[in-house]
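Descriptive structure summary
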Amino acid sequence: MTGHQIARVLSRQAKAITVQSASAGTVAHHGHHEIRDHVKDKIGKREVVGYGYNGQPTYVDRLDFPFPAIRYKEPNAEIQLLREKEKGDWKKLTTEEKKALYRASFRQTLAEVQAPTGEWKSILGVTLFGMSVAVWFYILMKKYVYPPLPPTMAPEWQEAQLKRMIEQRQNRIEGLASQYDYETQKWKE
Amino acid sequence: FLHRYLLDGQAIETVWTVIPAIILVAIALPSIRLLYLIDEIHNPALTIKVTGHQWYWSYEYSDFDDIQFDSYMIPSNELSTGMYRLLDVDNRMPVPYNQAIRLMITSDDVLHSWAVPSLGIKMDAVPGRLNQSSLLVNMPGVFYGQCSEICGSGHSFMPIVIEAVGESDFLKWLEL
C-alpha cells in the first residue's frame, strides 16, 4: 500500500475510535466503574448505590449479599423528599415513612426472602406427573416393543439350572455349593 | 461468611501436594514389586494356544499331536433344560487340575479378551501379538467366562468354558 492509503486507513480507524469514546463519554461515571448504555436501558433511572454481589448494577435479593448494587425503584418526588428528611434525625421519621424508604430501595425484607414460598408443592406435583408419564411409557414399551423373555427365565428352567450349578460345584468355597450338604443332598442350615 | 475472597495459600498447598505424593510412592513401590513377582517362572507342563475370532474361540494343544478345535456358544434355541443361556459352549477347553499351564492368547481378527473370573484370569487377545498368561486350577470343575473386549455384534455370544479334570481323564481325552 502507498503512504497515502495507509494514512487514510489509519485516520479512518482513529475516527472510529473517537466516535466510540465520544458515545462512551456520554454515560455516567460512578465510583470505580462506568455504566454502559445498554445496561442503563435495563435499569432505567434506578440509582447505583454500591458494588452489589458481583459489581454489576443489578438488583438481587440475596442473604449472602444483602445490599444490592441498585435501588429497587426509580426515584420520584415523594422519595426525594423523604431522602432529604432521612438526612436528619431518624427518630423524626414515622414508621410509614421508614417503610416507604425501605420499599423504595428494596423489593423484599430479609424476612420475606427467607419465608417459605410453598414452591415445593408445585415441584412435587410436576415430579409426580413426570413419574406417572414414565410409568405409562414403561407399560407401552413392555406391551409393544420388548420381545418376550427367553425360555431360560421359566421357573422350571431356573430350578434345573440351580441343580446343575450344584452338580458342577459352582462357588464351592464360599458361594452357592458351599451352602449345600452333599452327604444329605440337602441345603445346609 | 468467612474467607469469602480467599484465593490461595502457598504453604498449605505445597504440604498437601508433597505428602500425598510421598504416600503414593510408598504404595507404588511394593505394588510394582508384586506385579513383577506375579510373572513368575513356573515351568509349565502344558502350553495351550487360545485364538479369538469373530465370534468364537479356538484352542490348540500342539504339545501333543496337534489337537485343535473351535468353541462356539450354544445358541439359545438349542439349549436343553438347565443349560446356561449365553454361557455354555459346544466344545469346552479341558485342562488337568493342579498343573501349571502356559496360555498363549492371540486373535485372528479384532481385539478380544479371554477372561474366566472364577479363576482370576483375563488376558487381551490382540491380533498380531502373543500374550502369555499362566493358569493353575486347584480343583476339578467347570469354569465359565465371557469375551471381555468389544469385538462386534457377537461380542456377548462367545463364552469360554474350562473343564478342569484329573490327569488321567485329561490324558484319555488327548488320545481321542
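Residues numbered from 1 in each chain as written. Chains lettered and ligands numbered in written order. Predicted model: local features only at pLDDT ≥ 70, side-chain atom pairs only at ≥ 80, totals over all residues. Heavy atoms only, no water.

For chain B, the name recorded in an unreviewed UniProt entry is Cytochrome c oxidase subunit 2, with Artemia franciscana as its organism. The heading Catalytic activity (unreviewed entry) in the UniProt record of chain B holds the text "4 Fe(II)-[cytochrome c] + O2 + 8 H(+)(in) = 4 Fe(III)-[cytochrome c] + 2 H2O + 4 H(+)(out)". According to the UniProt record, the Sequence similarities (unreviewed entry) comment for chain B reads "Belongs to the cytochrome c oxidase subunit 2 family." (UniProt positions renumbered as here; feature names shortened; annotations may be inferred.)

For chain A, an unreviewed UniProt entry supplies the name Cytochrome c oxidase subunit 4 and the organism Artemia franciscana. Quoted straight from UniProt, the Subunit (unreviewed entry) entry for chain A says "Component of the cytochrome c oxidase (complex IV, CIV), a multisubunit enzyme composed of 14 subunits."

Topic: the interface of chain A and chain B
Counting residues at the interface gives 15 residues for chain A, matched by 17 residues for chain B. Summed over both partners, the interface of chain A with chain B buries about 1,400 Å², with 54% contributed by carbon and sulfur atoms. If you sort the residues of chain A by the area they bury against chain B, W157(A), R164(A) and R172(A) come out on top, with a joint share of 40%. Run the count over chain A and chain B and you get one salt bridge. Taken together, the connections running from chain A to chain B amount to eleven residue pairs in polar contact (both at pLDDT 80 or more). (Contact = heavy atoms within 4.5 Å. Buried area = accessible area lost by both parts, 1.4 Å probe. Salt bridge = Lys/Arg side-chain N within 4 Å of Asp/Glu carboxyl O. Polar contact = N/O pair within 3.5 Å; in protein donor to acceptor, adjacent residues only side chain to side chain.)

Considering the nonpolar core
Soluble globular proteins: nonpolar side chains tend toward being buried together. Counting residues in hydrophobic clusters, the biggest one holds 29 residues, and the most contacted among them are M93(B), L103(B) and W114(B). Ignoring anything within four residues of it in the chain, the contact list for L103(B) reads I48(B), V50(B), M93(B), W114(B), I121(B), N131(B), Q132(B), S133(B) and L135(B). Counting six residues, the second largest nonpolar core, distinct from the first, contains V39(A), V48(A), Y59(A) and F106(A). (Core = buried A, V, L, I, M, F, W, Y, C linked by side-chain atoms within 4.5 Å. Buried < 20%, exposed > 50% of the residue type's maximum accessible area, 1.4 Å probe, protein only.)

Examining the packing of aromatic side chains
Inspection of the entire model under this criterion finds twelve aromatic pairs over all chains. Between Y180(A) and W187(A), the ring centres sit 5.2 Å apart and the planes meet at 85 degrees, which makes this aromatic pair edge-to-face. On the basis of relative accessible area, W187(A) is assigned to the partly exposed category, the value being 38%. The rings of Y59(B), Y61(B), F69(B), F170(B) and W173(B) are connected pair by pair, giving a single aromatic cluster. The ring of Y84(B) carries R164(A) above its face, with NZ or CZ at 4.5 Å from the centroid. (Phe/Tyr/Trp six-rings, centres within 6.5 Å; stacked < 30°, edge-to-face > 60°. Lys NZ or Arg CZ within 6 Å of the ring centre and 35° of its normal.)

A look at the UniProt feature "transmembrane region" (unreviewed entry) in chain A
Look at the UniProt record and you will see "transmembrane region" (unreviewed entry) annotated at residues 123-141 of chain A. Here residues 123-141 of chain A is 100% helix and 0% strand, with 27 Å between the C-alpha atoms at its ends. (Helix = DSSP H or I, 4+ residues; strand = E, 2+ residues; numbered from the N terminus.)

Notes on the sheet that holds strand β10 (residues 159-165) of chain B
All names here are of chain B. Taken together, three strands build an open sheet; the order of strands is β4-β10-β9 and the sheet is mixed. The sheet is open, and its two borders are formed by β4 (93-96) and β9 (141-146), each paired with just one other strand. With direction set aside, neighbouring strand axes in the sheet form an average angle of 25 degrees. Pairing of β4 with β10 involves four bridges; the strand directions are parallel. Of the residues in β10, the one forming a bridge with P96 is V165. Contacts from helix α2 (residues 167-174) reach β4 and β10, with the element oriented near 135 degrees to β4. (Pairing = 2+ DSSP bridges. Axes fitted to C-alpha atoms, helices over the stretch in contact; angles between N-to-C directions.)

Some details on the environment of Q185(A)
All names here are of chain A. Mapping Q185 onto the fold places it in the loop between β3 (180-181) and β4 (186-187). Q185 gets classed as exposed once you look at its relative accessible area, which sits at 54%. Taking the C-alpha atoms as reference points, Q185 and R164, separated by 21 residues in sequence, lie 13 Å from one another.

Some points on the environment of R102(B)
All names here are of chain B. Turning to its location among the elements, R102 is positioned in strand β5 (residues 101-107). A residue is classified by how much of its surface remains accessible, and R102, at 27% relative accessible area, is partly exposed. Considered as a pair, R102 and I48 are 54 residues apart in the sequence and their alpha carbons are 6.3 Å apart. Non-local contacts of R102, meaning those with residues more than four positions away in its chain, are made with P44, L46, T47, I48, Q132 and S133. Polar contacts involving the side chain of R102 include one to the side chain of T47, which spans 3.2 Å.

Some points on the pattern of salt bridges
Pairing is possible between side chains of opposite charge, provided their charged atoms come close. A full pass over the atoms with the stated rule returns twelve salt bridges over all chains. Linking D88(B) and R164(A) is a salt bridge whose minimum nitrogen-to-oxygen distance equals 2.8 Å. With one member in each of two chains, D88(B) in the loop between β3 (67-71) and β4 and R164(A) in helix α7 (residues 155-167) form a pair that bridges those chains. With relative accessibility at 2%, the residue D88(B) sits in the buried group.

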